Structure formats: C-alpha cells, structure tokens
Amino acid sequence: MLTCEERDTWSQFLEYIKKRCSSTAFDNWIAPIKVLECTAESVRLEVPNIFVKAYLLDNYRKELSYFIPVDENGEPQIEFVISDTTIKKPLTPTPRITVPPEPQVQAPGYEIKLNQFYKFDTFIEGPTNQFVKSAAVGIATRPGRSYNPLFIHGGVGLGKTHLLHGISHYVLENHKKLRIQCITTEAFINDLVDSLRNKTVDKMKKFYRTLDILLVDDIQFLQNRLNFEEEFCNTFESLINQNKQIVISSDKPPGQLKLSERMVARMEWGLVAHIGMPDLETRVAILQHKAEQRELKISNNVAFFIAEHIYSNVRQLEGAINRLSAHCRLLDQELTEELAEKILSELFQHAPKQRVSAENILKSVATVFQVRVSDLKGTSRTKEIALPRQVAMYLAKEMINESLMMIAASFGKTHSTILHASKTIENKIKKDESLRRQVALCRRNIDA
Ligand code: ADP
Ligand code: MG
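Structural notes, computed from the coordinates. (Residues numbered from 1 in each chain as written. Chains lettered and ligands numbered in written order. Predicted model: local features only at pLDDT ≥ 70, side-chain atom pairs only at ≥ 80, totals over all residues. Heavy atoms only, no water.)

1. A closer look at the nonpolar core
Thought 1: Membership of the largest hydrophobic core comes to 52 residues, with the highest contact counts inside it found for Ile167, Ile306, Leu335 and Leu344.
Thought 2: Setting aside anything within four residues of it in sequence, one finds Ile306 in contact with Leu287, Ile298, Ala320, Leu324, Ala340, Leu344 and Phe348.
Thought 3: Counting 30 residues, the second-largest nonpolar core is a separate cluster that includes Phe369, Val391, Ile429 and Cys442. (Core = buried A, V, L, I, M, F, W, Y, C linked by side-chain atoms within 4.5 Å. Buried < 20%, exposed > 50% of the residue type's maximum accessible area, 1.4 Å probe, protein only. Contact = heavy atoms within 4.5 Å.)

2. Section: the packing of helix α10 (residues 280-293) against helix α12 (residues 314-331)
Thought 1: Between α10 and α12, the least distance of the axes is 10 Å, while the angle of their chain directions is 40 degrees. With respect to each other, α10 and α12 are oriented oblique. Like other packed secondary-structure pairs, α10 and α12 cross with a definite hand, here right-handed. Where α10 abuts α12, its residues Arg283, Ile286, Leu287, Lys290 and Ala291 lie against Val314, Leu317, Glu318 and Ile321.
Thought 2: A per-class count over the contact of α10 with α12 returns six nonpolar, no polar and three charged. (Axes fitted to C-alpha atoms, helices over the stretch in contact; angles between N-to-C directions. Helix = DSSP H or I, 4+ residues; strand = E, 2+ residues; numbered from the N terminus. Parallel < 35°, antiparallel > 145°, perpendicular 65-115°, else oblique. Left-handed = near helix turned anticlockwise from the far one by under 90°. Nonpolar A, V, L, I, M, F, W, Y, C, P; charged D, E, K, R; others polar.)

3. A short note on the site of ligand 1
Thought 1: Looking at ligand 1, there are 18 residues lining it, with Gly157, Thr161, His162, Arg315 and Glu318 nearest.
Thought 2: For ligand 1, a nitrogen atom lies 3.5 Å from a polar atom in the side chain of Asn129.
Thought 3: Backbone polar atom of Gly157 to an oxygen atom of ligand 1: 2.7 Å apart, as the coordinates give it.
Thought 4: In the complex, the protein chains occlude 96% of the 560 Å² of accessible area that ligand 1 would expose alone.
Thought 5: If you list the elements that add at least two residues to the shell around ligand 1, you get α5 (160-174), α10 and α12. (Near = heavy atom within 4 Å. Polar contact = N/O pair within 3.5 Å; in protein donor to acceptor, adjacent residues only side chain to side chain. Areas by Shrake-Rupley, 256 points an atom, 1.4 Å probe, with all protein chains shown as cover.)

4. Digging into the packing of aromatic side chains
Thought 1: All chains considered together, the criterion is met by 10 aromatic pairs.
Thought 2: Ring centres of Phe13 and Phe67 lie 5.9 Å apart, and the angle between their planes is 70 degrees; this geometry places the pair in the edge-to-face category. Here Phe67 lies in helix α3 (residues 50-67) and Phe13 lies in helix α1 (residues 9-18), a separation of 54 residues in the sequence.
Thought 3: Residue classification places Phe13 among the buried residues on the basis of a relative accessible area of 0%.
Thought 4: For Phe67, a relative accessible area of 15% gives the class buried.
Thought 5: Look at Phe232 and Phe236: their rings are 6.2 Å apart centre to centre, the planes differ by 55 degrees, and that puts the pair in the tilted class. On the criterion of helical spacing, the pair formed by Phe232 and Phe236 is a turn pair, its members being four residues apart in helix α8 (residues 226-241). (Phe/Tyr/Trp six-rings, centres within 6.5 Å; stacked < 30°, edge-to-face > 60°.)

5. Details of the environment of Glu72
Thought 1: Mapped onto the secondary structure, Glu72 falls in the loop between α3 and β3 (78-82).
Thought 2: Judged by relative accessible area, which is 65%, Glu72 ranks as exposed.
Thought 3: A sequence separation of 255 residues divides Glu72 from His327, and the C-alpha atoms of the two residues are 8.7 Å apart.

6. Digging into the packing of helix α16 (residues 383-399) against helix α18 (residues 415-431)
Thought 1: Closest axis-to-axis distance for the α16/α18 pair is 8 Å, and the angle between their directions is 100 degrees. Relative to α18, α16 is oriented roughly perpendicular. Seen from α16, the contacting residues are Leu387, Gln390, Val391, Met393, Tyr394 and Lys397; seen from α18, they are Thr417, Ile418, Leu419, His420, Ala421, Ser422, Thr424, Ile425, Glu426, Lys428 and Ile429.
Thought 2: Looking at side-chain class alone, the contact of α16 with α18 contains nine nonpolar, five polar and three charged residues.

7. Quick look at the pairing of strand β7 (residues 180-184)
Thought 1: With four of its five residues buried, β7 lies for the most part within the structure.
Thought 2: Of the pairings in the sheet, the one linking β7 to strand β8 (residues 213-217) comprises five bridges and is parallel in character. By the bridge assignment, Ile183 is partnered in β8 with Val216. (Pairing = 2+ DSSP bridges.)

8. Thoughts on helix α14 (residues 358-369)
Thought 1: Under the 1.5 Å per step criterion, the end-to-end length of α14 is 16 Å for 12 residues, consistent within 8% with the ideal 16 Å.
Thought 2: The element α14 is extensively covered by neighbouring structure, given that nine of its 12 residues are classed as buried.
Thought 3: On its buried side, α14 packs onto α15 (373-377), α16, α17 (404-411) and α19 (433-445).
Thought 4: After α14 finishes, the residue Gln370 shows a positive phi value of roughly 55 degrees. (Expected span 1.5 Å × (residues − 1).)

9. Remarks on the pattern of salt bridges
Thought 1: Counted by the stated rule, this structure contains 24 salt bridges.
Thought 2: Of the charged contacts, one joins Lys34 and Glu46 as a salt bridge, the two residues approaching to 3.6 Å between their closest N and O atoms. Pair noted here: Lys34 is in strand β1 (residues 34-38) and Glu46 is in strand β2 (residues 43-47), with a separation of 12 residues, a long-range link.
Thought 3: Taking the shortest distance from any N to any O, the salt bridge between Glu75 and Arg61 comes out at 2.3 Å. One end of the pair, Glu75, is in the loop between α3 and β3; the other, Arg61, is in helix α3, with 14 residues separating them in the sequence. (Salt bridge = Lys/Arg side-chain N within 4 Å of Asp/Glu carboxyl O.)

10. Describing the sheet that holds β3
Thought 1: Within the open sheet, the three strands sit side by side as β1-β2-β3. Their pairing is mixed. Among the strands making up the open sheet, the edge pair consists of β1 and β3. Pairs of neighbouring strands in the sheet enclose a mean axial angle of 25 degrees, with direction left out of account.
Thought 2: The pairing of β2 with β3 spans five bridges and is parallel. If you follow Val43 over to β3, its bridge partner there is Ile78.

11. Quick word on the side chain of Ser422
Thought 1: Summarising the element assignment, Ser422 is placed in helix α18.
Thought 2: Ignoring anything within four residues of it in the chain, the contact list for Ser422 reads Tyr394 and Lys397.

Following this line, the structure appears as structure tokens:
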C-alpha cells in the first residue's frame, strides 16, 4: 500500500493531474488546495469550500488513491478543512472520508442540501417503484397541480430520499422562480428548536409558509413529538390551503403512524404511494448502473448472483458494488461469481433456518417448477418430478434446523435419500446456472 512519507506526494499528484485536465479546471479547482499535513496514514487538505472537496473526490478519487495513503477499501485517506471565511461556525476538520462522499449543492438565497447523485435519471425503474416515480415526476413538472400532498412510504434504502431529492433537483433546474425546501423531519424540528431559542419563530414560520414546494423526509420522526407535530400541521395546512405542493416520505403508511388524527387525515388527502423492493431484473439493472458509474466490469451472471442474494435494500446493493470495485481495483482481479461470494458473504441474505417447514418448501418448489405438491410427495421417477423433489430435499437440509432423521421423516424418505438428493443438487447447481437460479427463487419464495 502507498504511504505518504515524502512531503512531495502532493506535488507528484499535481503534476500527474496537470497533464490530464484543462488549465482552467486546474486553476479553479486544484490549485487552491493547500496541504496542511501529510503522514503515513493520511493527508490533511485545506480547501476553500465544500465544492472543491466534492470536485476533487468526484473527479479524482481513483487518481488520489495512486498517490495518497488508502484504507483497506482503497479509499484515499483525506481530512478536509474548509477555509471559507464566510462560514460562521468555528472551523473544525471534517471526519476522515471512508465512504463515498455525498456532495451537496446549495441553491442561492436559502439553504437546501441535496445529494447531487439523487436525480431522476439515476433512479432505475421497475414494477415496484414505477408508479411512485411517475407521481414524483408529475409533481416536479407541475408542482401543486397534480397530487397534493404526495405521501411516499416504504422500507429503508428503497429510494424515498432519492426521489425527494430528484424532485428538488428538477424544480431547481426547471422552475427557478419557485421557492422550494427539502428537509428531513429532524432538521425541521432542529430549525424550530433553534428559532424558539433565538426568538425567531415568526421568521421561521414565514419562511416555511411562503414556500411553493415543501418536501419533508422521514416523517416518522415526528411521532411522539407533540409540540412539533402541531407546528408542522399548521405549516402543512397553510401551504395546502394556498395550493402549494407538499411531498412527504415515511417508513409506514399514514394510518400506521402514531400521529394525531388530524395530521393523519391531512396526509391521506392526496396520493399515498408505496415504494417496494425492486424485483430481480430491476435489482440487476441497478447493480449494472452502479457498477458502470464506478467503472467496474460486471457480467450478467455475477449481477444476477448478487441480486438474488441481496433483495431487501438497494443501499446494500450499492454497498456491494463499492466493496467489489475497491477490491478488484486494488488487487487487479477479475470479478467472478466466486470472488463476489467471498467478498460479499456477510451481506448476503439467507432465509432464517428455524421457521421453515417441509410443507412450505414443497409449496415453493412446486410453484417454481410448476408441478403439484402431491407429485413431489409421490413416487414418480420421471425427470420432471424427480429433479424438483431433490431440490426440495436439498432446501430442507439447508434450511430446516432439525436433525436429518426428522427431515427425512417429514418427506417420508430415509436419511440417506435426503443426503444423496442434497449432494446431487449441490453438484448440479455448480454447473447449471439456470437450475441455480430456480433454486434461489424457491428459497426466496418460501413463506416462513
Ligand atoms: P430511503 O430514503 O428509502 O431509505 P435512499 O433514497 O436513501 O433510501 O436510497 C438508498 C440508496 O439506494 C441511495 O444511494 C439511492 O441512490 C439508491 N437507490 C434506491 N433506489 C434506487 C433506484 N431505483 N435506482 C437507483 N438507485 C437507487
Ligand atoms: Mg431516506
């Protein structure tokens, strides 16, 4: 691994970059960066503002890792100090960067913090999020004139924040005169607390109540915060009464939130849309898109393999690509299924062992292989039945937390038949890609 013992590491980086970017870009973005400290573990840089930091990491992450110490994930170890004199808070170095940064852009006039990667064109659509995405696009193109409020709910890491920021980016670019705020519920509460402390509540109320579009992320954090709920509800009503657009996200539908009836009713006024986990094909498309962004070559087989094992959170799919890309880049290895399995094993999801029954396995296998459960339980030796029957026994051995004798009894077989079936399938799926997918599908379709 590279170290940074020599003080001229940074000058070497500058020389390298100078040859590869325009002189204007170099003068505007790179030249203003100052090296404050350089150790074997990390580099401390002073940048004039957050944009320079984002520019550097967005454009030269890979190149930085050639010159600057990196961590085990291949991430350059840089501490940034912002030297911008307009920042009022005392200057403290930002924490060491170990995850991909989330650069933020700011609209002039009032503060709106958006992740620059969360735009409509980077949001991959599939059957479980198409509806909510088109509702979001509808709102961004005609704010206040389609669904109001739009309430988006769904589990963690499924793209709610991405869509809220997508709407905000679109509005900032296409409706420049509209006043928009996109804020987390926590930040809204913090704003309120600050304004109470500073006796500027009126100013805050005025700010929020004169917006054209208000987007509030993670409204579940308003639960059990009675005073804040009331203020939020007043803001909400005031905006809706003026036909101003409101978009809310939550991990649950309105009716399941512990909020006042008044608040729940208001949130149900417009369109309540669910965002679900993308199906297998969409997950593969997301993986391929994220891999492309990171210049990682990923074959269809590997993408399917990962997508079959990570199925409840898009953020984890992203994490998988980050890990693989760092690993392949550092060790200069080709990305194979075995490598993916090795590196991602702890991210992979497996159905819990103890709650699965033989009956559920048989049902799932019967559905996937399009045979009857009674045939699987029967004695027919035709290939169409024998193979799925072996798959069921293989899955039972893998997933049921019982002795082999008990499993064998529930299938009406001997324990050596179960062992044999299990071994046979284990060998077959190593060679037969389509069988492996079918088995993965059975595994996933089993209702606990
Ligand atoms: P949530 O707010 O629902 O918890 P996020 O919007 O933060 O989830 O999404 C988690 C990560 O997954 C983000 O990096 C986001 O860009 C990515 N993501 C989620 N859904 C999609 C999608 N359909 N296409 C591309 N990226 C997605
Ligand atoms: Mg979120």
